[in-house]
Amino acid sequence: MNRREFIRNSGLTLTGLLLSPWAVHAFPKREGEILIPFLDQPKKSNRTMLDWSEFDSFITPNEKFFNVSHYGIPKVDLSTWKLEISGLVNNPLMLTIEDIKSRPKQEVTFTLECSGNHASANFTGAIGNAKWGGTPLAPILKEAGILDNGIEVIFFGHDIGEEKRKDATMRQNFARSMSVEDALEDSVLLCYEMNGEPLPNKNGAPLRLIAPGWYGIACVKWLKRIEVRDTRFMGRFMALDYVTIRKEARPDGETVWMETSVGRTQLKSLTAKVTRIGDDYHIYGAAWGAPIQKVEVSIDGGPWQEATIDTEEDHEFAWKIWHLNWENPTSGEHTVVSRAIDTKGNIQPTADSDYITGKHTYYESHGQVVRKINIE
């Protein structure tokens, strides 16, 4: 009898399943479990953001999923909407939503994070994990036939804003770009579903880009046009905003400043919450941004202890849920910090490392986060 058959036949509740010896599960909601709030818990936001103290689901429900927009949320008329594929292509395309939905469907479970997440004390929930459904972009680009001199794919949204550069005032659509090679990756989707439901308007309906492994800024919402060009795109959200500025020291003592456009996600983890039943304490958290090898936790600056990673949910581009049994914590104030280590051996940097302190912008804030908690 396999595990699922045993559960059905024995009448075990979900709690009974999670306490069973078969597998380590992300959220063992044990009877009588009490949340111990962190002393540095951020204030409740007026925006829809993930509340880490309520972190109890591998998939983030649509209604609790964060959204960020720079030019507001546009009203898109689905009856007239079409996606334009143009620029340096042999066969320009105009696709209706029915055209797109008629193509082979692909799903990916992907943890989408704003690159400004954890940039400030109260902006700590701009992240969520969803199952995204749509059709791969690569076959459409190949059907359009990218010309040999095409090097850049630009994604334009329906959202429009006004920008000023020197003496020019411009109305322009939100836009981001990536190289042709990146756009042709098999995992990149034109997405019209989120967690098995039609894509919500606030999250980019009727169609958005989902680029697993990239920050949310690259996953353009409310898609309007995809254009291939022979030059690098240098719009506001590529070259002026969403740029990370970092100071670096060269071996010869010279200081150089590097400015890089925010793109792929960085290795990261976070201690989400601590709970107890009687004297039994558990620490829970998540890790994401790269293929995760392990997560380690340090309490009060002590030795790193390896956490247990959930093996029930294992998706290439989704966060890994972990927990650690906290043995016999003493009364008083404590610090808890986690670090993720990826399969290449890279370690999530400390907040006081040169790599983090040399950064002079708030994007890509992926240093280790120290949490404070009081045990009575």
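In case you missed it, the structure is sitting above this.
Reading the values: the criteria
- Residue positions are given per chain, counted from 1 along the sequence in the order it is written.
- Given that this is a predicted model, residues contribute local features only at a pLDDT of at least 70 and side-chain atom pairs are listed and counted only at 80 or more, while totals for whole chains, interfaces and linings are drawn from all residues.
- Side-chain numbers come from the whole structure's heavy atoms, not from hydrogens or water.
- Pairing of aromatic rings covers Phe, Tyr and the six-membered ring of Trp, with a centre-to-centre limit of 6.5 Å; geometry is then stacked below 30 degrees between planes, edge-to-face above 60, and tilted otherwise.
- Secondary structure elements are defined from DSSP: runs of H or I of at least 4 residues count as helices, runs of E of at least 2 residues count as strands, and each element is numbered from the N terminus.
- Exposure categories follow from relative accessible area, calculated using a 1.4 Å probe and restricted to protein chains: below 20% of the type maximum is buried, above 50% is exposed, and the middle band is partly exposed.
- Residues enter a nonpolar core if they are buried and are Ala, Val, Leu, Ile, Met, Phe, Trp, Tyr or Cys, with the set joined through side-chain atoms within 4.5 Å.
- In this analysis, the protein atoms alone were mapped onto a 1 Å grid. Cavities are point sets where a 1.4 Å probe fits without being able to get out; pockets are open sets with protein on both sides within 12 Å along at least five of seven lines; lining residues have an atom within 4 Å of a point.
- Grid points are joined across faces, edges and corners, and a volume is the space filled by probe spheres set on the points.
- The nonpolar class holds Ala, Val, Leu, Ile, Met, Phe, Trp, Tyr, Cys and Pro. Asp, Glu, Lys and Arg form the charged class, and all remaining residues, Gly among them, are polar.
- Two strands are said to pair when DSSP picks up at least two bridges between them.
- Note on geometry: axes are lines fitted to C-alpha atoms, helical ones only across the stretch in contact, with angles between N-to-C directions running from 0 to 180 degrees.
- It only takes one pair of heavy atoms within 4.5 Å for two residues to be counted as in contact.
- By convention in these notes, a salt bridge is any Lys or Arg side-chain nitrogen within 4 Å of a carboxyl oxygen on Asp or Glu.

Asks: Explain the packing of aromatic side chains to me, please; I cannot follow it from the model alone.
Replies: For any two aromatic rings, the description comes down to two numbers: the centre-to-centre distance and the angle of the planes. Going through the model one piece at a time under the given rule, you end up with 13 aromatic pairs. Here the aromatic rings of Phe 65 and Trp 132 are separated by 5.6 Å at their centres, their planes lie at 85°, and the arrangement is edge-to-face. Here Trp 132 lies in strand E5 (residues 127-136) and Phe 65 lies in the loop between strand E1 (34-36) and strand E2 (83-87), a separation of 67 residues in the sequence. Taken as a pair, Phe 65 and Trp 132 share a single burial class, namely buried.

Asks: How should I be thinking about the nonpolar core in this particular structure?
Replies: Side chains that are nonpolar tend, in soluble globular proteins, to be buried together. Core analysis: the largest hydrophobic core is formed by 56 residues, its most contacted members being Leu 83, Trp 132, Leu 137, Phe 155, Leu 190, Leu 207 and Ile 226. Ranked by residues supplied to this core, first place goes to strand E8 (residues 189-194) with 5 residues.

Asks: How do you make sense of empty space enclosed by the protein when you look at a structure like this?
Replies: A probe matching the size of a water molecule, rolled over the atoms, marks out where space remains unfilled. On inspection of all chains with the given rule, the structure shows 2 cavities of 30 Å³ or more. Size it by volume and the largest cavity reaches roughly 240 Å³. Val 68, Arg 208, Gly 216, Ile 217 and Lys 221 are the residues nearest the centre of the largest cavity, which is lined by 20 residues in total. Of the residues in the lining of the largest cavity, the class split is 11 nonpolar, 6 polar and 3 charged.

Asks: Mind showing me how you'd approach the pairing of strand E7 (residues 168-179) here?
Replies: In summary, the side chains of a regular strand alternate between the two faces of the sheet. In this sheet, E7 lies alongside strand E6 (residues 152-165) in antiparallel orientation, the contact comprising 11 bridges. Across the sheet, the residue bridging to Gly 161 is Gln 172, located in E7. The turn linking E6 back onto E7 is made up of 2 residues, and Lys 166 within it adopts a positive phi angle of 55°.

Asks: Would you explain the layout of surface pockets in this entry?
Replies: Considering only enclosed or pocket space, the largest pocket measures out at about 640 Å³ in volume. In this structure, the largest pocket is lined by 32 residues; those nearest its centre are Pro 42, His 118, Ser 120, Ala 121 and Thr 124. Those elements giving two or more residues to the lining of the largest pocket turn out to be strand E14 (268-277) and strand E21 (370-375). Classifying every residue of the lining of the largest pocket gives 12 nonpolar, 12 polar and 8 charged. Taken as a whole, the second largest pocket spans an internal volume of roughly 460 Å³. Gly 213, Thr 265, Gly 289, Ala 290 and Pro 291 are the residues nearest the centre of the second largest pocket, which is lined by 26 residues in total. Residue classes in the lining of the second largest pocket are distributed as 13 nonpolar, 8 polar and 5 charged.

Asks: Please explain the sheet that holds strand E3 (residues 93-95) as it appears in this structure.
Replies: Pairing between the strands of a sheet comes from backbone hydrogen bonds, and it takes one of two forms, parallel or antiparallel. Ordered in space as E3-E2-E11-E6-E7, the 5 strands form an open sheet in which the pairing is mixed. What marks the edges here is a single partner per strand, and that holds for E3 and E7. In this sheet, neighbouring strand axes are inclined to one another by 30° on average, regardless of whether the strands run parallel or antiparallel. Seen against the sheet, helix H4 (residues 137-144) touches E2, E3, E6 and strand E11 (223-229) and runs at an angle of roughly 140° to E3.

Asks: Which parts of the structure should I look at to understand the sheet that holds E1?
Replies: An order of E1-E14-E15-E19-E18 is seen for the 5 strands of this open sheet, with the pairing classed as antiparallel. Sheet topology places E1 and strand E18 (308-309) at the edges, where each strand pairs with a single neighbour. Judged from the 3 bridges that link them, E1 and E14 form a sheet pairing that is antiparallel. Its bridge partner lying in E14, Ile 36 is registered against Val 274.

Asks: I would appreciate a short explanation of the pattern of salt bridges in the present structure.
Replies: Two side chains of opposite charge can pair, provided their charged atoms sit close to one another. Overall, the coordinates contain 18 salt bridges when judged by the stated rule. The closest approach of N and O atoms between Glu 193 and Lys 105, which form a salt bridge, is 2.6 Å. Linking Glu 193 in strand E8 with Lys 105 in the loop between helix H3 (97-101) and strand E4 (106-113), this pair joins segments that are 88 residues apart in sequence. A salt bridge links Asp 182 to Arg 264; the shortest N-O distance between them is 3.0 Å. Note that Asp 182 is positioned in helix H5 (residues 180-183) and Arg 264 in the loop between strand E13 (255-261) and E14, a separation of 82 residues in sequence. Given the relative accessible area of 18%, Asp 182 is considered buried.

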